[in-house]
Amino acid sequence: MQCLTYLKVTASREINPHILTLRLMSDALPIRKIIHVDMDAFYASVEQLDNPDLRGKPVAVGGGGERGVVSAASYEARKFGVRSAMSGALARKLCPELIFVRTNFDRYNEVSKQIREVFHQFTDLVEPLSLDEAYLDVTENKVGMPSATVIASWVRQKIKEKTGLNASAGISINKFVAKVASDINKPNGQKTIPPEEVIDFLETLDIRKFFGIGKKTAEKMYLHGIFTGLNLKSKTKEYLTEHFGKSGGYYYDIVRGVQHSEVKPNRIRKSLAAERTFVENITSEVFMMERLELIAKEVEKRLASSKVAGKTITLKIKYSDFSLQTRSKTLDYYVRSKDIILETAKELLYQEKMKESVRLLGISLSNLNTEDKKKTKPLKEEMIDVQMSFDF
């Protein structure tokens, strides 16, 4: 049984007001020890590991042509402003010496499995977010170490020994704060935000550093006088909901250090997709169908690998002017066959005339059969006194 530690006010003990604030925000808020591990420039670092000639040089993983996109950049490349999702042409302009390397997902998957083996040496409560990052709940752990900070350093050391790669980590009371903290001392560092420092940390945090608040949302927040966590905290829940919709309640909670999301070892996948950017824009639907057949084949392969199927098929179209359009159809049954996926994509393609030439096509499946799994409620346990020596 998991041991949950809660805060309870007693007359005989002084309670840190910041911890009390966390307690008062929820009737059953568990103080957990969560680590967010994030590999440093993972794809690029793997390439530099495998090819010594690339070490110490600016490296970009992805396409370096006019239509290529950077998937990942080494820290040497980042000094020049090269970032992931940037066009290859712009990246090369910023860094003329940039070395482009093709993606090798088989190799990245291989290394990722080695990293996850390290995680499971310490806890089975591991929630992978991608190949290069994961949450670990070490409130109770396999090594009997009460300090999550120490465990994080051990995890990073083990990863280095096993793979030769560097990792950074954030340690705190929930997934949100841990993820934000993992960016602070990158690369090859870690940052702990213990319970008594969470509120101060969030109040002084730039709103752009809040995980889940993107560029457009941040710009909208600026218009409402929200630049820091303290500004965000000054707004009522009703105000935030009125101006930011359902996300308003989420913002209201996280700035107060409240997040109920547990570390889920069996994270349910909600969609699966594949897409391709073309060297030259395509204007003919016939040529588009040729490309869609290859994409559907890749989707079928990924569905088989993940052992899932889906009902909703979505066609993604990015035009030459960079405008984006999606067209979807939901079937009455689950599919993973390339033929059915392609036939549905064809139907969506001819649903209406293309307004411009096309630079990218993609197919995704959602409404997956993984979503049929029953959700179980976490067990509610008795509240016990907080130990002020709670070790982080």
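All values derive from a computational prediction rather than experimental measurement.

Parameters at a glance
- Numbering of residues starts from 1 in each chain and follows the order in which that chain's sequence is written.
- Confidence filtering applies because this is a predicted model: local features only for residues at pLDDT of at least 70, side-chain atom pairs given and counted only at 80 or more, and all residues used for totals across whole chains, interfaces and linings.
- Where side-chain values are given, they derive from all heavy atoms of the structure, hydrogens and water being excluded.
- Only strands joined by at least two bridges in the DSSP assignment are considered to pair.
- Secondary structure is summarised from DSSP: a helix means a run of H or I of at least four residues, a strand means a run of E of at least two, and numbering begins at the N terminus for each.
- Each axis is a line fitted through C-alpha atoms, taken for helices only over the stretch in contact, and angles between the N-to-C directions span 0 to 180 degrees.
- By definition in these notes, contact holds between two residues if any of their heavy atoms fall within 4.5 Å.
- Stacked, tilted and edge-to-face pairs are distinguished by plane angle, under 30 degrees for stacked and over 60 for edge-to-face with tilted covering the rest, among Phe, Tyr and Trp rings (Trp via its six-membered ring) whose centres lie within 6.5 Å.
- For each residue, the accessible area found with a 1.4 Å probe, counting protein chains only, is set against the maximum for its type, and the residue is called buried under 20%, exposed over 50%, and partly exposed in between.
- Charge over a ring is defined by NZ of Lys or CZ of Arg lying within 6 Å of the ring centre and within 35 degrees of the ring normal.
- Here, a salt bridge means any side-chain nitrogen of Lys or Arg that lies within 4 Å of a carboxyl oxygen of Asp or Glu.

So, about the sheet that holds strand 12 (residues 358-368). Read from one edge to the other, the open sheet built from four strands follows the order 9-12-10-11, with strand pairing classed as antiparallel. Since the sheet does not close on itself, it has two edges, and those belong to strand 9 (271-282) and strand 11 (324-335), each with one partner. With direction set aside, neighbouring strand axes in the sheet form an average angle of 15°. Both strand 10 (residues 310-319) and strand 11 contribute to a ladder of eight bridges, which runs antiparallel. The partner of Thr314 across the bridge, within strand 11, is Ser328. Sheet contacts for helix 13 (residues 285-306): strand 9, strand 10, strand 11 and strand 12; angle to strand 9, the most-contacted strand, approximately 155°.

The next subject is the packing of aromatic side chains. Enumeration according to the criterion identifies nine aromatic pairs in this entry. Arranged with centres 5.9 Å apart and planes meeting at 50°, the rings of Phe42 and Tyr43 form a pair that is tilted. Ring plane angle 85° and centroid distance 5.7 Å describe the contact between Phe105 and Tyr108, whose orientation is recorded as edge-to-face. Of this pair, Phe105 and Tyr108 are both found in helix 5 (residues 105-119), three residues apart, which corresponds to roughly one turn of the helix. Residue classification places Phe105 among the partly exposed residues on the basis of a relative accessible area of 41%. Through pairs of rings, three or more aromatic residues link up here, namely Phe42, Tyr43, Phe105 and Tyr108. The positively charged end of Lys235 is found above the aromatic ring belonging to Tyr239, 4.9 Å away from the centroid. One Lys or Arg, Arg256, reaches over the ring of Tyr252 and ends 3.7 Å from the middle of that ring.

Quick look at the sheet that holds strand 2 (residues 59-62) now. Pairing in this open sheet of three strands is mixed, and the strands run 3-2-4 from one edge to the other. Edge positions in the open sheet fall to strand 3 (70-73) and strand 4 (99-101), since each of these has one partner strand only. Each adjacent strand pair in this sheet contributes to an overall mean axis angle of 30°, direction not counted. In this structure, strand 2 lies alongside strand 4, joined through three bridges in parallel fashion. Looking at the pairing, Val59 lines up with Ile99 of strand 4. Sheet strands touched by helix 2 (residues 42-50): strand 2, strand 3 and strand 4. Its angle to strand 2, the strand with the most contacts, is close to 110°.

This paragraph deals with the pattern of salt bridges. Opposite charge on two side chains allows them to pair when their charged atoms are near. Evaluated as defined, the whole model comprises 16 salt bridges. For Lys186, the salt bridge is made with Asp40, and the minimal N-O distance between the two is 2.6 Å. One end of the pair, Lys186, is in the loop between helix 7 (175-182) and strand 8 (190-192); the other, Asp40, is in the loop between strand 1 (34-39) and helix 2, with 146 residues separating them in the sequence. On the basis of relative accessible area, Lys186 is assigned to the partly exposed category, the value being 23%. Relative accessible area serves as the criterion here: at 4%, Asp40 is assigned to the buried category.

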